[in-house]
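Here are the chains, one letter per residue:
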Amino acid sequence: MVIVTHNGKFHADDAWACAVLNILYPEAELVRTRDTATIAAADFAVDVGGIWDPARGRFDHHQKGFDGARATGVPYASAGLVWREYGARCVAALAAAHLGCQLKDSTALEMAYSIDADIVQYLDLSDVGAAKNAPGGYGLSAIVSGFNPNWLDEERIGHGAPTEAYRLQEFRRAMALLTDIMVNAVKYRVGALLAVEQVRAAEPLDNGRLLYLHNSALPWSSVVRKEMPKVLFVVSHSIGEGRYMLHTVSVSPESFEARADLPASWAGLRDADLAAVTGVPDATFCHNGRFIAAAKSYEGALAMARLALDAVDGGR
């Protein structure tokens, strides 16, 4: 099997598209060329060849009259075209390989849509000149472009074939970076999916205004915000750090505003100073922003949580 993309300077959209195909077809040969015969004979032609035909493995968007776009109106470049066709399969393959998790087709498709919305569409927008995915030089598209050799590299290595060989090496490095990003995106989403039921089954305390989680690493905030309107504070066990955390619940993913803050008198205090104010001997710290605090024991964190509830009630 042969995957062809264009030679010369590469961009994030063709590197992402080739990374997806490489995940699904790891034994495939990767060829970077503009030779028409080689392109025509390839199993996949990405960002080159002037044809969009998924059934034939053709994923170009440069041809006259191309108007492929998402339902949202965001245009496709090669990253989106390949992800549209193979994203769900790629998600399922990565979940199986890295987490031992067999996803339902519908779940893999939903995750692929989410990754498109969070990452892939911005690679496409950048490629077609419609937008950057971050300001300055540190958007993902700009970072990938930085893997290309510049004129100093070309003078050092030699123009023509030596530079193209070096560029292929750098293209594979960019593919590896984007593969890592895909893996992390899938791991995050699978982790969030599997955490939902654990969070829903977590132990409610104090008439449902406190929630206890046995593992601080569980992504809990979205479920608590959407499904548990009474919860004001979450106590959790940070297993790796060997301590217990007390969290506030933000009112939205975009805001630091909480349903209730920790007491103002705790802000920025640590160890003995915090213990003196709270009366909890093993209290260890409270963030100056009053959205998180900690104690060495479950009993200590629970005592702090109840003090925080008392402060809320006293302010009413």
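Rules used in this analysis
- Residues numbered from 1 in each chain as written.
- Predicted model: local features only at pLDDT ≥ 70, side-chain atom pairs only at ≥ 80, totals over all residues.
- Heavy atoms only, no water.
- Helix = DSSP H or I, 4+ residues; strand = E, 2+ residues; numbered from the N terminus.
- Buried < 20%, exposed > 50% of the residue type's maximum accessible area, 1.4 Å probe, protein only.
- Contact = heavy atoms within 4.5 Å.
- Core = buried A, V, L, I, M, F, W, Y, C linked by side-chain atoms within 4.5 Å.
- Pairing = 2+ DSSP bridges.
- Axes fitted to C-alpha atoms, helices over the stretch in contact; angles between N-to-C directions.
- Bend = angle between axes of the 7 residues up to and from the residue.
- Right-handed = clockwise from strand over helix to strand, strands pointing away.

J.: How would you summarise the environment of V91 if you had to cite specific residues and measurements?
T.: Tracing the backbone through its elements, the reader meets V91 in helix α3 (residues 78-99). The class of V91 is buried, set by a relative accessible area of 0%. Sequence spacing of V91 and A41 is 50 residues, and the spatial spacing of their C-alpha atoms is 28 Å. What V91 contacts, discounting residues up to four positions off in sequence, is W83, L103, A108, M111, A112, I115 and V186.

J.: Please give an account of the nonpolar core that cites residues and values.
T.: If you look at soluble globular proteins, the nonpolar side chains tend to sit buried side by side. Ranked by internal contacts, the top residues of the largest apolar core, which has 48 residues, are W16, W83, V91, I115 and M182. Those elements giving two or more residues to this core turn out to be α1 (12-24), β3 (44-46), α3, α4 (105-127), α5 (140-145) and α7 (161-200). Ranked by residues supplied to this core, first place goes to α1 with 10 residues. The contact partners of M182, leaving out residues within four places of it in the chain, are W16, A19, V20, I23, W83, C90 and L94. Ranked by size, the runner-up nonpolar core spans 24 residues in total, among them L232, V235, W266 and M304.

J.: Explain the pairing of strand β11 (residues 292-295) residue by residue, including any values.
T.: A regular strand carries its side chains on alternate faces of the sheet. The side-chain alternation of β11 yields two buried faces, one formed by I292 and A294 and the other by A293 and A295. Sheet topology note: the strand β9 (residues 243-248)/β11 ladder contains four bridges and is antiparallel. Considered in β11, the bridge of M245 is made with A294. Both strand β10 (residues 283-286) and β11 contribute to a ladder of three bridges, which runs antiparallel. By the bridge assignment, C286 is partnered in β11 with A293. Counting the residues that bridge the hairpin from β10 to β11 gives five residues, and of these R290 lies at a positive phi of roughly 60 degrees.

J.: I'd love a proper account of the sheet that holds strand β2 (residues 29-32), names of residues and values included.
T.: Across the sheet, which stays open at both edges, the five strands sit in the order β2-β1-β3-β5-β4 with mixed pairing between neighbours. Strands at the two margins of the open sheet, each flanked by one partner only, are β2 and β4 (52-53). Examined bridge by bridge, strand β1 (residues 2-5) and β2 share four bridges and lie parallel to one another. The residue of β2 that forms the bridge with V4 is V31. Each of β1 and β2 is contacted by α7, which is oriented at about 125 degrees to β2, the strand it contacts most.

J.: Kindly report on the sheet that holds strand β6 (residues 203-205), identifying the contributing residues and their values.
T.: Strand order in the open sheet made by the six strands is β6-β7-β8-β9-β11-β10, with mixed pairing throughout. The outermost strands of the open sheet, each flanked by one partner alone, are β6 and β10. The average angle at which neighbouring strand axes cross in this sheet is 20 degrees, direction not considered. Against the sheet, helix α10 (residues 298-314) engages β6, β7 (210-213), β8 (233-238), β9, β10 and β11, with an angle of about 165 degrees to β8.

J.: How would you explain α4 if you had to name every residue and give the values?
T.: At D116, α4 shows its maximal bend, which comes to roughly 55 degrees. As for α4, its buried residues are in contact with α1, α3, α5 and α7. Positive backbone phi, at 80 degrees, marks G129, one or two positions downstream of α4.

J.: Give a detailed account of the pairing of β8, specifying residues and quantitative values.
T.: Of all six residues that make up β8, six are buried, and the element is covered over most of its length. What you see with β8 is no split at all: F233, V235 and H237 on one side and V234, S236 and S238 on the other are buried throughout. Across four bridges, β7 lies against β8 in parallel orientation. What sits directly across from L211, in β8, is V234. Crossover connection from β7 via helix α8 (residues 221-227) to parallel β8: handedness right-handed. Of the strand pairs in this sheet, β8 and β9 are connected by six bridges, and their pairing is antiparallel. Bridge pairing in β9 places S238 opposite R243. Hairpin connection between β8 and β9: a loop of four residues separates the two successive antiparallel strands, and G242 in this loop has a positive phi of roughly 65 degrees.

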